[in-house]
Structure formats: C-alpha cells, structure tokens
Amino acid sequence: MKVISYNLRKHQAAGELPRLVEQHEADVLCLQEADTTDIPDTINGLKLADSTQRNRLGLAVYYRESTFRAVDVRALALKKSLHDRVLKPAEERLLGVRLYDIDHGHEVIVASFHAAPLTALNSLRRHQIRTALTELQHLGEGLPALMVGDYNYPVFKENLGQKIRDHGYELNLSDSRTYTRYKFFRGHYDFATSIGFEIDRVRTLPQGLSDHLPILVTARVHDTTGAAQSPARPVVTAASA
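A quick note: this is a predicted structure, and the numbers were derived from the prediction, not measured.

Scoring rules and cut-offs
Residues numbered from 1 in each chain as written. Predicted model: local features only at pLDDT ≥ 70, side-chain atom pairs only at ≥ 80, totals over all residues. Heavy atoms only, no water. Helix = DSSP H or I, 4+ residues; strand = E, 2+ residues; numbered from the N terminus. Buried < 20%, exposed > 50% of the residue type's maximum accessible area, 1.4 Å probe, protein only. Contact = heavy atoms within 4.5 Å. Pairing = 2+ DSSP bridges. Axes fitted to C-alpha atoms, helices over the stretch in contact; angles between N-to-C directions. 1 Å grid on protein atoms, 1.4 Å probe; cavity = no way out; pocket = protein on both sides within 12 Å on 5 of 7 lines; lining within 4 Å. Points joined across faces, edges and corners; volume = space filled by probe spheres on them. Nonpolar A, V, L, I, M, F, W, Y, C, P; charged D, E, K, R; others polar. Core = buried A, V, L, I, M, F, W, Y, C linked by side-chain atoms within 4.5 Å. Right-handed = clockwise from strand over helix to strand, strands pointing away.

*Asks:* So what exactly am I meant to see when it comes to the environment of Val202 here?
*Replies:* Here Val202 lies in strand β12 (residues 197-204). Residue class for Val202 comes out buried when judged on its relative accessible area of 6%. Taking the C-alpha atoms as reference points, Val202 and Asp175, 27 residues apart in sequence, are found 6.4 Å from one another. Setting aside anything within four residues of it in sequence, one finds Val202 in contact with Asn172, Leu173, Ser174, Asp175, Ile215, Leu216 and Val217.

Here it is in structure tokens:
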C-alpha cells in the first residue's frame, strides 16, 4: 500500500491532485488545508470518503473504490491552541477512515492529521497526537492504523518518536525535508505514524504550489503470523501546516 500526504497550503495546490494520483497510482489520498467546499467527489478513480465540515481549511480522505470499501468515518476536534481559539482555522484536526480491503479481506484504518501550528508548544502537539492515535483505535480496535499528515514538529523529533513508541506506534520520517517556506523552520513536518504496518519507505515528492512537499508512504500490513503482506496498491495522503 502506498500513501501520499499533502498539505495544500490554503487549497493552492489542489489542482495538482489528479496528476499525483495518476503518477503514483494512489489508493488513498489524505489532504490538509483543503477547501472542503471546493473538492470533487472523485479524483482519477479515488472516491471521497469524507471531509471535515467545521474547518475554514479542512481535511479530506479519498480511497480507491476498486480496492477498498469505506466502513466507517470519524472526524475529531483535538485540544485547541491559542491560535485555534482566536483565529479558528481548524476545529477538527483528525479525520480517520476504516477501510475494507477487498482483495485481501481485511480492514485497515487510514487517517489524515493536522497538528496545531508552530505558535503552539510541542507539548500541546504531543497531546494532540496521543489523543488522535487513541481515537483511531476506537474506530477499529486492534486494526492496523496509519496516520499521515502535517505534524508541525520540526525539532526534538527523537523525543516525539519515543513518546509515540511508548504508545505502541512507530514514527517514520521521509527521506528529505518536507517544508521550505521559512529559512529557520525548514525541515521534516509531514510524518507517518503506524501500528500493524511495515513501512517500506517514506519518500518526499517534488515541490508544487504548496510550501509543503507531498510524501509518498509505501506500507505493508502485517498478517496474523507476523509477516508483512504485499500491498494491493498505493495510498496517498496530503498534509498541511
């Protein structure tokens, strides 16, 4: 399974999505900072599972209809930063989708996540991440889960990785930086967090109109014997700051 995560930067990069889906044969597309009033129901064979409704700029998840069937969807508001309380850019910062893999006969969870901006403390973002991972298990307890998106966590990632491992998940960064807008804040912002998956690779894709670069996650679901199953297709997600 392949996953692309892309922060559209206030919807500016939305026009790039059909090309990304086609070029990387995505099975799932996760978006952040999307204008959810201006997104299509389908993108090159991917169907819109759902999008957030209470955000000025929101989240969306698409899946390949020939490979998956959507079973359940959950959007969640997380603990707010001062930025959120004053400017109200994002009420819901997690959108999780429970999918049934038609070819392999099992279910997985894929989620699009957008943490609080850099004006908030890392401790708040860690709280949001922990809460999001816990809520994903409520969407399907014991199921493999993959959460991609804009974590807004450019420094002290080793500490974040340990906190996530303590929660039973693994944190994976891409092979090169994913954010370029400000000189002193350039770095890895867009991550993949997973449980029950073997992450083969997380690759940063070429930059488009967004200040974030899309990431492409290649992952395999572990079977009950502990071996990893070959993916039916890729999964794409988009993340934003």
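*Asks:* Hey, could you run me through the environment of Ala219 in this one?
*Replies:* Residue position: Ala219 is located in strand β13 (residues 215-221). On the basis of relative accessibility, which here comes to 0%, the residue Ala219 falls in the buried class. C-alpha of Ala219 to C-alpha of Val202: the two residues are 17 residues apart in sequence and 8.8 Å apart in space.

*Asks:* Quick question: what am I supposed to make of the sheet that holds strand β8 (residues 106-114) here?
*Replies:* Across the sheet, six strands lie side by side as β6-β7-β8-β9-β11-β10; this open sheet has mixed pairing. Here the strands that pair on one side only, and so sit at the sheet edges, are β6 (68-76) and β10 (170-172). Taking each pair of neighbouring strands and ignoring which way they run, the sheet shows an average axis angle of 20 degrees. Examined bridge by bridge, strand β9 (residues 145-150) and strand β11 (residues 190-195) share six bridges and lie antiparallel to one another. In the strand pairing of β11, Leu146 is matched with Ser194. Strands β10 and β11 of the sheet are contacted by helix α4 (residues 157-166), whose axis makes an angle of about 145 degrees with β10.

*Asks:* Even after reading the chapter, I still don't get empty space enclosed by the protein, so can you show me in this structure?
*Replies:* The probe, sized like a water molecule, is rolled over the atoms to show the empty space still left. Within this structure, the stated rule accounts for two cavities of 30 Å³ or more. Here the second largest cavity defines a volume of roughly 40 Å³. Lining of the second largest cavity is provided by Arg126, Ile129, Arg130, Leu133, Leu160, Lys163, Ile164 and His167. Put simply, the parts of the chain that give the lining of the second largest cavity at least two residues each are α3 (122-139) and α4. The greatest single-element share of the lining of the second largest cavity, amounting to four residues, is contributed by α3. Across the lining of the second largest cavity, the residue classes tally to four nonpolar, one polar and three charged.

*Asks:* Explain the nonpolar core here, please?
*Replies:* Looking at soluble globular proteins, one finds that nonpolar side chains tend to be buried together. Ranked by internal contacts, the top residues of the largest apolar core, which has 24 residues, are Val28, Leu99, Leu146, Phe197 and Val217. Looking at this core, the elements that each hand over two or more residues are β2 (28-34), β5 (58-64), β7 (94-101), β8, β9, β12 and β13. Element by element, the count of residues in this core is highest for β13, at four residues. Leu78, Leu94, Ile129 and Leu139 belong to the second-largest nonpolar core, a separate cluster that totals 22 residues.

*Asks:* Honestly, the sheet that holds β13 in this entry has me stumped. Any pointers?
*Replies:* Backbone hydrogen bonds are what pair the strands of a sheet, in a parallel or an antiparallel way. Strands sit in the order β3-β4-β5-β2-β1-β13-β12 across an open sheet of seven strands; the sheet is mixed. Since the sheet does not close on itself, it has two edges, and those belong to β3 (42-43) and β12, each with one partner. In terms of strand pairing, strand β1 (residues 2-7) meets β2 through five bridges, oriented parallel. The residue of β2 that forms the bridge with Tyr6 is Leu31.

*Asks:* Quick question: what am I supposed to make of the pairing of β8 here?
*Replies:* Consecutive side chains along a regular strand alternate between the two faces of the sheet. Of all nine residues making up β8, eight are buried, and the element is well covered by its neighbours. Pairing between β7 and β8: eight bridges, direction antiparallel. Looking at β8, one finds that Leu95 is bridged to Ser112. The hairpin formed by β7 and β8 contains four residues between the paired strands, and Gly105 there has a positive phi angle of roughly 70 degrees. In this sheet, β9 lies alongside β8 in parallel orientation, the contact comprising six bridges. In the strand pairing of β9, Ile109 is matched with Ala145. In terms of handedness, the path from β8 via α3 over to β9 forms a crossover that is right-handed.

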